[in-house]
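Spelled out, the chains give:
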Amino acid sequence: MSDSHPVDFNSYIRRCAYVFIAVLCAVALMIWISYLPEHYTWALKVSLILVVACANAFVVAGFLMHLISEKKMIYTLLAFTVFFFAGLMGLTLYALQDFPTGTTH
């Protein structure tokens, strides 16, 4: 039986360790942002945390789920997912103050 394997296991473990460290750093950064002083607005803090969370999701999806090296079909499906998710969030924000006539808030 041959010891050759198409995937270098040590390289993969090293990559997983780097991704794990990156995820821990991202979580620590999000927690640090949440404790910023009061003169930073709530909207700025949420925006910064969302930016860090998106970068964190890219690292996890790209390296652990191997989406960086996938073919065009995967990227097309991901683009459609992002487009429709952004559309749904936009519609939600648009309809946030759209109450039926006669209702009280």
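*Asks:* Mind laying out the overall build of the protein, listing which residues take part and the relevant values?
*Replies:* Counting secondary structure elements, the protein contains 3 helices and 0 strands. Here the C-alpha radius of gyration of the protein, 21 Å, is well above what a compact globule of 105 residues would show, namely 13 Å. When the backbone C-alpha atoms are referred to their principal axes, the protein occupies close to 80 × 40 × 20 Å. For the protein, the residues scored as buried account for 10% of the 105 residues in total. Sequence-distant contacts in the protein: of pairs separated by 6 or more residues, those separated by 24 or more amount to 42%. A total of about 9200 Å² of accessible surface is found on the protein, and carbon and sulfur atoms cover 73% of it. Side-chain charges in the protein split into 5 positive and 5 negative, and the spacing between the mean points of these groups amounts to 8 Å.

*Asks:* Break down the packing of aromatic side chains for me, citing the residues and quoting the values.
*Replies:* The final tally for this structure, using the stated rule, is 2 aromatic pairs. Aromatic side chains F80 and F84 sit 6.3 Å apart centroid to centroid with 15° between the ring planes, which places their arrangement in the stacked category. Of this pair, F80 and F84 both sit in helix 3 (residues 72-94), 4 residues apart, roughly one helical turn. On the basis of relative accessible area, F80 is assigned to the partly exposed category, the value being 49%. Three or more aromatic residues joined by ring pairs make a cluster, and in this case those are F80, F83 and F84.

*Asks:* Tell me about the side chain of N56, residues and numbers included.
*Replies:* Looking at the secondary structure, you find N56 in helix 2 (residues 42-64). N56 sits in the buried class, given a relative accessible area of 13%. Those residues in contact with N56, other than ones at most four positions away along the chain, are V23, A26, V27 and M30.

*Asks:* A description of the packing of helix 1 (residues 9-34) against helix 2 should follow, citing residues and the corresponding values.
*Replies:* It is at 9 Å that the axes of helix 1 and helix 2 come closest, and there the two elements cross at 170°. Considering their axes alone, helix 1 and helix 2 lie roughly antiparallel with respect to each other. Residue-level inspection shows Y12, R15, C16, V19, A22, V23, A26, V27, L29, M30, I33 and S34 of helix 1 in contact with helix 2, the latter providing K45, L48, I49, V52, A53, N56, V59, V60, F63 and L64. Of the residues contributing to the contact of helix 1 with helix 2, the split by class is 18 nonpolar, 2 polar and 2 charged.

*Asks:* Got a sec to walk through the nonpolar core? Specific residues and values, please.
*Replies:* Within soluble globular proteins, side chains that are nonpolar generally end up buried alongside one another. Counting 5 residues, the largest nonpolar core is built from A26, M30, I33, L36 and V52. The biggest single contributor to this core is helix 1, with 3 residues.

Conventions and cut-offs
Within each chain, residues carry numbers counting from 1 in the order of the written sequence. Since the coordinates come from a predicted model, pLDDT governs what is reported: local features require at least 70, and pairs of side-chain atoms require 80 or more to be given and counted, while whole-chain, interface and lining totals use all residues. Hydrogens and water are ignored here; the side-chain numbers use all heavy atoms of the structure. Secondary structure follows DSSP: runs of H or I at least 4 residues long count as helices, runs of E at least 2 residues long count as strands, and numbering of each begins at the N terminus. The size measure is the radius of gyration over C-alpha atoms, and the globule rule it meets is 2.2 Å times the number of residues to the 0.38 power. Think of it in three bands: residues with accessible area under 20% of the maximum for their type are buried, residues over 50% are exposed, and the middle band is partly exposed, with areas taken using a 1.4 Å probe on protein chains only. Note on contacts: a residue pair is in contact if any heavy atoms of the two residues lie within 4.5 Å. In these tables, accessible area is a Shrake-Rupley quantity obtained with a 1.4 Å probe, and a residue counts as shielded only by the protein chains included in the view. Counted as positive: Lys and Arg. Counted as negative: Asp and Glu. His and the chain ends are not counted at all. By convention, the point assigned to a charge is CZ for Arg, NZ for Lys, CD for Glu and CG for Asp. Stacked, tilted and edge-to-face are the three classes assigned to paired rings of Phe, Tyr and Trp, where Trp is represented by its six-membered ring and a pair needs centres within 6.5 Å; plane angles under 30 degrees give stacked, over 60 edge-to-face, the rest tilted. All axes are obtained by fitting lines to C-alpha atoms, using only the stretch in contact for helices, and the reported angles, taken between N-to-C directions, cover 0 to 180 degrees. Roughly parallel here means an angle under 35 degrees, roughly antiparallel means over 145, roughly perpendicular means 65 to 115, and every remaining angle is called oblique. Basically, the charged four are Asp, Glu, Lys and Arg, the nonpolar ten are Ala, Val, Leu, Ile, Met, Phe, Trp, Tyr, Cys and Pro, and anything else, Gly included, counts as polar. In plain words, nonpolar cores are sets of buried Ala, Val, Leu, Ile, Met, Phe, Trp, Tyr and Cys residues tied together by side-chain atoms within 4.5 Å.

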